[in-house]
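Residues per chain are reported as follows:
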Amino acid sequence: MAEREQPRREQSERRTGLVLEGGGMRGIYTAGILDVFMEAGVHFDGVIGVSAGAIHGCSFVSGQRGRSIRYYKKYCNDRRFMSFFNLITTGDIAGEDFCYHKIPEELDPYDFEAFERSGTEFYVGCSNVDTGKPEYIRLTDMRGQIDFMRASASLPYVSRTVKAGGMKLLDGGCTDSIPLRPFLKMGFKRNVVILTREKGYRKKPEHAKMARLFYPRHPAFVRALSRRHITYNRTVEWIDRLEAEGRIFVIRPREPLNIGRMEHNPEELQRVYDIGRADGKEQLEAMERWLTR
């Protein structure tokens, strides 16, 4: 019996994963790295992203090189994209119809068929507002499951909760900004992790009063928000240890990206994207060696 199970175990240990942190407009750094991966023909068995990581990760799975930087630069000044106008008029800082229907279905079409043909398992991380726990949802139908994508990127305080899959959901970064641990448990043993914060960064505590004010009926979510910095910092410290041991491969910016969470300057978006491209090219050969060793 042991001999018959060995090939299956070895196959599981070789499953490669790509873990993508979010971070608002900092995520365009990740988009630059992913475009380099696509140019080099790099493939992963699974991809999991949170917030902006999910937004850019889905274009990687569909193989649409250059799509993220193209539509971000084109629409960053369109008030339907991300603006306080949206927040005031709809309750969401990112326009639901424009961002999740108009752009992917008409203006800069997403290749839904290529996503389904890719053979890559794709997951998004969301936060369950009722339980205060993270949810990791596998998407197999990007068009039909788009609300999970929207939930993953719906920032607390400036977004309405998204009802999907019988749950009330918000930004996955509220409960698990870098979902490496669940990916390991799913069987993806060789993981590349792309971070949008520089080495040594630690998150500071958030204002607990604001959380209680906005979510008085969801005490578990309030606790998650109040402990967000603890969860994040512990995860980063754990990632640093795994990286030092050679158990994961990490790509991160060398210095703070210094870009606004609602950046409206296309040149700034291009600057951070180009940093991602440069880091991706610099790390590509070492990453490929690590993946195939």
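Residues numbered from 1 in each chain as written. Predicted model: local features only at pLDDT ≥ 70, side-chain atom pairs only at ≥ 80, totals over all residues. Heavy atoms only, no water.

**With respect to the overall build of the protein**
Put simply, the rule is: Elements are defined by DSSP. Helices are runs of H or I of four residues or more, strands are runs of E of two residues or more, and each kind is numbered from the N terminus. Summary of the burial criterion: residues with accessible area below 20% of their type's maximum are buried, those above 50% are exposed, and those between are partly exposed, where the area comes from a 1.4 Å probe applied to protein chains only. Any two residues whose heavy atoms approach within 4.5 Å are treated as being in contact. Note on areas: these come from Shrake-Rupley sampling with a 1.4 Å probe, and a residue is covered only by the protein chains present in the view. The convention is simple: Lys and Arg are positive, Asp and Glu are negative, and His and the chain ends are not counted. Every charge is mapped to an atom, namely NZ of Lys, CZ of Arg, CG of Asp or CD of Glu.
Each helix and strand in the protein was counted, giving 13 helices and eight strands. Seen along its three principal axes, the alpha-carbon backbone of the protein occupies a region of about 60 × 40 × 40 Å. Across the 293 residues in the protein, those meeting the buried criterion constitute 56%. Across the protein, the fraction of contacts at a sequence separation of at least 24, relative to all contacts at a separation of at least 6, is 74%. By element, 48% of the accessible surface of the protein is carried by carbon and sulfur atoms, the whole surface being about 14,100 Å². For the protein, the distance from the average site of its 48 positive side-chain charges to the average site of its 40 negative ones is 5 Å.

**Digging into the confidence of the model for the protein**
Segments scoring low in pLDDT should not have their predicted coordinates read at a detailed level. Heads up, the condition is: Per-residue confidence from the predictor is reported as pLDDT, which spans 0 to 100.
On average, residues of the protein score 94 in pLDDT, and 96% of them are at 70 or above. Under a pLDDT of 50 for its full length, residues 1–10 has, in the predicted model, zero contacts with residues more than four places off or in other chains.

**Describing the packing of helix 4 (residues 67–75) against helix 13 (residues 266–292)**
Filter applied, for reference: Each axis is a line fitted through C-alpha atoms, and for a helix only the stretch in contact is used; angles between axes span 0 to 180 degrees, taken between their N-to-C directions. Under this scheme an angle from 65 to 115 degrees is roughly perpendicular, one under 35 degrees roughly parallel, and one over 145 degrees roughly antiparallel; angles in between are oblique. Each helix crossing is assigned a hand: it is left-handed if the near helix lies turned anticlockwise from the far helix by less than a right angle, otherwise right-handed if that turn is clockwise.
In the contact formed by helix 4 and helix 13, the axes pass within 9 Å of each other and the chain directions differ by 160°. With respect to each other, helix 4 and helix 13 are oriented roughly antiparallel. As helix 4 packs across helix 13, the resulting crossing turns out to be right-handed. Between helix 4 and helix 13, the contacting residues are Ile69, Tyr72 and Lys73 on the first element and Pro266, Leu269, Gln270 and Tyr273 on the second.

**Observations regarding the pairing of strand 1 (residues 16–20)**
In the case of a regular strand, side chains alternate between the two sheet surfaces. To keep it simple, the criterion reads: At least two bridges found by DSSP between two strands is the condition for calling them paired. A right-handed crossover is one whose linking path, passing over the helix from the first strand to the second, runs clockwise when the strands point away from the viewer.
With five of five residues buried, strand 1 is to be regarded as a mostly interior element. Burial of the side chains of strand 1 extends over both faces: Thr16, Leu18 and Leu20 are buried on one face and Gly17 and Val19 on the other. For strand 1 and strand 2 (residues 46–50), the ladder comprises four bridges, and the chain directions are parallel. Looking at strand 2, one finds that Leu18 is bridged to Val47. Handedness of the β-α-β unit built from strand 1, helix 2 (residues 27–40) and strand 2 comes out right-handed.

**Details of the environment of Gly32**
Topologically, Gly32 is positioned in helix 2. Residue classification places Gly32 among the buried residues on the basis of a relative accessible area of 0%. Separated by 56 residues in the primary sequence, Gly32 and Ile88 have C-alpha atoms spaced 32 Å apart. Those residues in contact with Gly32, other than ones at most four positions away along the chain, are Tyr273, Gly276 and Arg277.

**Focus: the packing of helix 3 (residues 52–61) against helix 4**
Relative placement of two packed helices is described by the angle separating their axes and the distance separating the axes. This is how it is decided: Note on residue categories: nonpolar means Ala, Val, Leu, Ile, Met, Phe, Trp, Tyr, Cys or Pro, charged means Asp, Glu, Lys or Arg, and polar means any other residue, Gly included.
In the contact formed by helix 3 and helix 4, the axes pass within 9 Å of each other and the chain directions differ by 130°. One finds that helix 3 runs oblique with respect to helix 4. The segment helix 3 lies against helix 4, with Ile55, His56 and Ser59 engaging Arg67, Ser68, Tyr71 and Tyr72. Here the contact of helix 3 with helix 4 is built from residues that sort into three nonpolar, three polar and one charged.

**Here we look at the side chain of Asp176**
By secondary structure assignment, the location of Asp176 is in the loop between strand 6 (167–171) and helix 9 (180–185). Residues within four places of Asp176 in sequence aside, it is in contact with Val50, Pro134, Tyr136 and Pro182.

**Concerning the pairing of strand 7 (residues 190–194)**
Taking burial as the measure, the five residues of strand 7 include five buried ones, the bulk of the element. A two-sided burial pattern is seen for strand 7, the buried positions comprising Arg190, Val192 and Ile194 on one face and Asn191 and Val193 on the other. As paired elements, strand 7 and strand 8 (residues 248–251) share four bridges and run parallel to each other. When the bridges of strand 8 are listed, Val192 appears paired with Phe249.

**Structural notes on the pattern of salt bridges**
Cut-off, in case you're wondering: The salt bridge criterion pairs a side-chain nitrogen of Lys or Arg with a carboxyl oxygen of Asp or Glu, the two atoms within 4 Å.
Summed over the entire model, instances satisfying the criterion amount to 23 salt bridges. As a salt-bridge pair, Arg150 and Glu96 come within 3.5 Å of each other at their nearest N and O atoms. One end of the pair, Arg150, is in helix 8 (residues 146–152); the other, Glu96, is in helix 6 (residues 96–107), with 54 residues separating them in the sequence. Of the residues examined, Arg150 reaches a relative accessible area of 12% and is grouped as buried. On the accessibility criterion, Glu96 (31% relative accessible area) is partly exposed. Between Arg252 and Asp240 there is a salt bridge; the shortest N-O distance is 3.1 Å. Of the two residues, Arg252 sits in the loop between strand 8 and helix 13 while Asp240 sits in helix 12 (residues 228–244), which places them 12 residues apart along the sequence. Each member of the pair, Arg252 as well as Asp240, is classed as buried. By sharing partners, the salt bridges in this structure join Lys199, Arg202, Glu237, Asp240, Glu243 and Arg252 into a single network.

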